[in-house]
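The chain contents come next:
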Amino acid sequence: MSEKKKGLKRLIEFMQDRMPMHKFNFETLVLKKEVPLHRMSWAYYLGGLTLFFFLIQVVTGIFLLFYYQPTVSDAHASIEYISKYVHNGLFIRNLHTWASSCLIFCLMAHALTAFAMKAFAPPRELIWMGGAIMLVLGFAFGFTGYLLPWHQIAVNATKVALQSLDESGHYLPGVLSGAPHYIKEIIQGGPDVGQATLSRFFALHVVILPLLCFGVLGMHLLSVQLHGMSQGVDDLPKKSEKFFPFFILKDLIVWGVAFLGLFILAVCIPFESFYAFPFFQAYNALGATPEGIKPEWYFYFAYYPLEIFPFWLVMLGMTVMGVLLFITPWVFKKTSRRVLTILALIMTAYLVGMTFFGQAIYEIVKGVKG
Amino acid sequence: MNPFLTLVFLIFFCSTTAMAHPEYLQYFKKESGRAINCAMCHVNPEGPEGVNPGQIGSLNAQEKKMLALARLAKPGENIKNPILNDFGNELLNTIGHDKLVELEKDPGAIPGLLSKTSDLDHDGIPDYQELLDGTDPLNPNDGIPWKLFIHNFIKNWFQIMMITLATIFGVYGLYYTILWFLIRTKEEFK
């Protein structure tokens, strides 16, 4: 057999192991599927919870689409209209905003626990890859959605982010140095953040990213169902429970509690109340930029290091982490779950630290008062 | 020209109080720790100077007359200054123009002079408290989050109770539907 045929055969075998479609039957997926019971069993609910918040985003996003106007002249006014005059419009907006934060929180928690539980071990590499793609898509949803209300913080934060992308070109060698500027121009669509940018972000947020997400999510869920739940701990779990109906029933209760929590948050705390009110005034290109423009909280892990450390150092760190995210199944193939848990805890500490204390750290390091 | 209007325009053009009041902004920003801007009291977030809507340069003759009258406002009057928003006018009509200008040296005294019950945006946080908190007194979605939470929770207790019951019954119903499905499945596969 030629080398080419051998390679093709290996690829087919690899894919057959990763997507065992012969298990795609009622007996395997429903009757025989088991969920291991151990100290990390709670983490099995995070994937379902992420899916729940994604579905909330889809439904509330469709409602918002009925009234939102993706033009620089009308975007902010349409958001104001939704909040003030559309029946339950403010509630739907709040649901959408709170659910976006909950979605990204669950995505990150799901990724960290899946890492600690070595849920990427063969033959689950593609499940991990799908999850990593969805994590990136989640951030992309957050980034593109942030611009749509076209208020001060939205436009200025987008400008800062695109400027950072542009600047990263200075640290790349040769022809690569022009790539970030080229990417920025494609995203921006014009010399500055304007109508072309808003149109692009809108298209990405409501069509392209959801389509990508549905595709990757479908593959991710199908693979999980075919392979079953990962072992989760180093020692083989002694106990397990039936996926159907016991795990499903518990999952249902978790979804119910999450829905209730989300409802109360959306009714009682407008998400905007966490920020200063000038940030939410209509963007005025000729007006003064409000002080303290920041990205959403889930970008603080990158934003504060950029404020504190040299740009090239942070970009290098983020690039390494980004690449590592996608090659995790091969890099940590032989690492024990104990070590992976320690690494996940360090990562969690970093994310929590930067999210809650990033400003304080920045003020201490730079010797400024925010 | 009408002598009264001449006097009014003279007052308007000679007045030095057409300037914005950065002292107030700086004081309440420092006290609250929140970024605030002129939109707290003014129609235009950029302040009163300029030719954009809500700024002095954009006013017509009638509005300029109102502006001049507002500069003579005494406490308890009901005057509408066209460059101020509802909260700015509340300050003006409660404190009076001269006293308000005088308080540039002591902005911390302003909240104490305002009504303890007035709440223009009906968000449960009195206007004087919103001024201290650095939040928008005219936006019901802006306020200190836990204060809004308490107010909105009490205000919407019925809806919250109903959705709680709906969720409990919904989950209960689905729970037993799945169990019924399980029993039927087992019967089918016996």
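First, a word on what this report is: a plain description of the structure on this page. Predicted, not measured: the structure shown is a model, and the values here were computed from it.

## Topic: the overall build of chain A
Then, number 1: Of regular secondary structure, chain A possesses 13 helices and two strands.
Then, number 2: A globule of 370 residues ought to have a C-alpha radius of gyration of about 21 Å, and chain A, at 22 Å, matches this closely.
Then, number 3: Seen through its principal axes, chain A has C-alpha atoms that stretch 65 × 55 × 45 Å.
Then, number 4: Across chain A, contacts joining residues at least 24 apart in sequence account for 79% of those joining residues at least 6 apart.

## Section: the environment of Ser168(A)
Residue and element names in this part refer to chain A.
Then, number 1: In this structure, Ser168 sits in the loop between helix 7 (152–167) and helix 8 (179–188).
Then, number 2: Residues Ser168 and Trp312, 144 residues apart in the sequence, show an inter-C-alpha distance of 7.3 Å.
Then, number 3: Residue contacts for Ser168: discarding those within four places in its chain leaves Pro180 and Met315.

## Concerning unusual backbone geometry
All names here are of chain A.
Then, number 1: Pro122 connects to Pro123 through a cis peptide bond whose omega is 10 degrees.
Then, number 2: Inspection of the secondary structure assignment puts Pro123 in the loop between helix 5 (89–116) and helix 6 (125–147).
Then, number 3: Residues Phe244 and Pro245 are joined by a peptide bond in cis, for which omega reads 15 degrees.
Then, number 4: Phi angles above zero are rare outside glycine, and Asn88 is one such case at about 65 degrees.

## Examining the nonpolar core
Then, number 1: One finds Phe53(A) and Leu103(A) to be the most contacted residues of the largest nonpolar core, which totals 98 residues.
Then, number 2: Of the residues forming this core, the biggest block, 15 residues, is contributed by helix 5 of chain A.

## Some thoughts on the interface of chain A and chain B
Then, number 1: In this complex, chain A contributes 29 residues to the contact, which on the side of chain B involves 31 residues.
Then, number 2: Per element, the largest residue contribution to the side of chain A that touches chain B is 13 residues, and it comes from helix 10 (residues 243–268) of chain A.
Then, number 3: Among the residues making up the side of chain A that touches chain B, the classes are represented as 21 nonpolar, six polar and two charged.

## Considering the packing of helix 3 (residues 44–65) of chain A against helix 10 of chain A
Residues and elements named next belong to chain A.
Then, number 1: Relative orientation of the contacting elements helix 3 and helix 10 amounts to 45 degrees, with a least axis distance of 10 Å. Of the possible angle classes, the one that applies to helix 3 and helix 10 is oblique. You can see that helix 3 and helix 10 cross each other, and the crossing is right-handed. From helix 3, Tyr45, Gly48, Leu49, Phe52 and Ile56 reach across to helix 10, where they touch Asp251, Val254, Trp255, Ala258 and Leu262.
Then, number 2: Along the lines of polarity and charge, the residues of the contact of helix 3 with helix 10 split into eight nonpolar, one polar and one charged.

## Considerations on helix 10 of chain A
Then, number 1: For helix 10 of chain A, built from 26 residues, the straight-helix expectation of 38 Å at 1.5 Å per residue is met to within 8% by its first-to-last C-alpha distance of 36 Å.
Then, number 2: For helix 10 of chain A, the complete set of buried residues consists of Phe243(A), Pro245(A), Phe247(A), Trp255(A), Gly256(A), Ala258(A), Phe263(A), Ala266(A), Val267(A) and Cys268(A).
Then, number 3: Where helix 10 of chain A is buried, its residues meet strand 1 (34–37), helix 3, helix 5 and strand 2 (239–242) of chain A together with helix 8 (145–155) and helix 9 (157–188) of chain B.

## A short note on the packing of helix 6 of chain A against helix 12 (residues 311–331) of chain A
All names here are of chain A.
Then, number 1: Where helix 6 contacts helix 12, the two axes come as close as 9 Å, and the packing angle between them is 170 degrees. Comparing their axes, helix 12 and helix 6 come out roughly antiparallel. Across from Glu125, Trp128, Met129 and Ala132 in helix 6, the residues of helix 12 making contact are Leu325, Phe326, Thr328 and Pro329.
Then, number 2: Of the residues in the contact of helix 6 with helix 12, the class split is six nonpolar, one polar and one charged.

## Considering helix 9 of chain B
Then, number 1: In this model, helix 9 of chain B (32 residues) spans 46 Å end to end at C-alpha, consistent with the 46 Å of a helix rising 1.5 Å per residue.
Then, number 2: With zero of 32 residues buried, helix 9 of chain B lies mostly on the surface of the structure.

The rules behind each value
- One numbering rule holds for all chains: residues counted from 1, following each sequence as written.
- The lettering of chains begins at A and the numbering of ligands begins at 1, in the order of writing.
- Whole-chain, interface and lining totals are the exception, using all residues; otherwise, since this is a predicted model, local features are given only for residues with pLDDT of at least 70 and side-chain atom pairs are given and counted only at 80 or more.
- Strands are runs of DSSP state E lasting at least 2 residues, helices are runs of H or I lasting at least 4, and numbering of each runs from the N terminus.
- Two things to know: the radius of gyration comes from C-alpha atoms, and the globule rule equals 2.2 Å times the number of residues to the power 0.38.
- Here the contact rule is simple: place C-beta atoms from the backbone, and any two residues whose C-beta atoms are within 7 Å are in contact.
- Structurally, a nonpolar core is described as a collection of buried Ala, Val, Leu, Ile, Met, Phe, Trp, Tyr and Cys residues joined by way of C-beta atoms within 7 Å.
- Buried, partly exposed and exposed are defined by the number of other C-beta atoms within 10 Å of a residue's own C-beta, namely 20 or more, between the two limits, and 12 or fewer respectively, with C-beta atoms placed from the backbone.
- Residues are grouped as follows: Ala, Val, Leu, Ile, Met, Phe, Trp, Tyr, Cys and Pro are nonpolar; Asp, Glu, Lys and Arg are charged; every other residue, Gly included, is polar.
- Axis definition: a line fitted to C-alpha atoms, over the contacting stretch in the case of helices. Angles run 0 to 180 degrees between N-to-C directions.
- Orientation categories follow fixed angle ranges, with anything under 35 degrees roughly parallel, anything over 145 roughly antiparallel, 65 to 115 roughly perpendicular, and all other angles oblique.
- Here a crossing is called left-handed whenever its near helix is offset anticlockwise from the far helix by less than a right angle, and right-handed whenever the offset is clockwise.
- Here, expected helix span is obtained from the residue count minus one, scaled by 1.5 Å.

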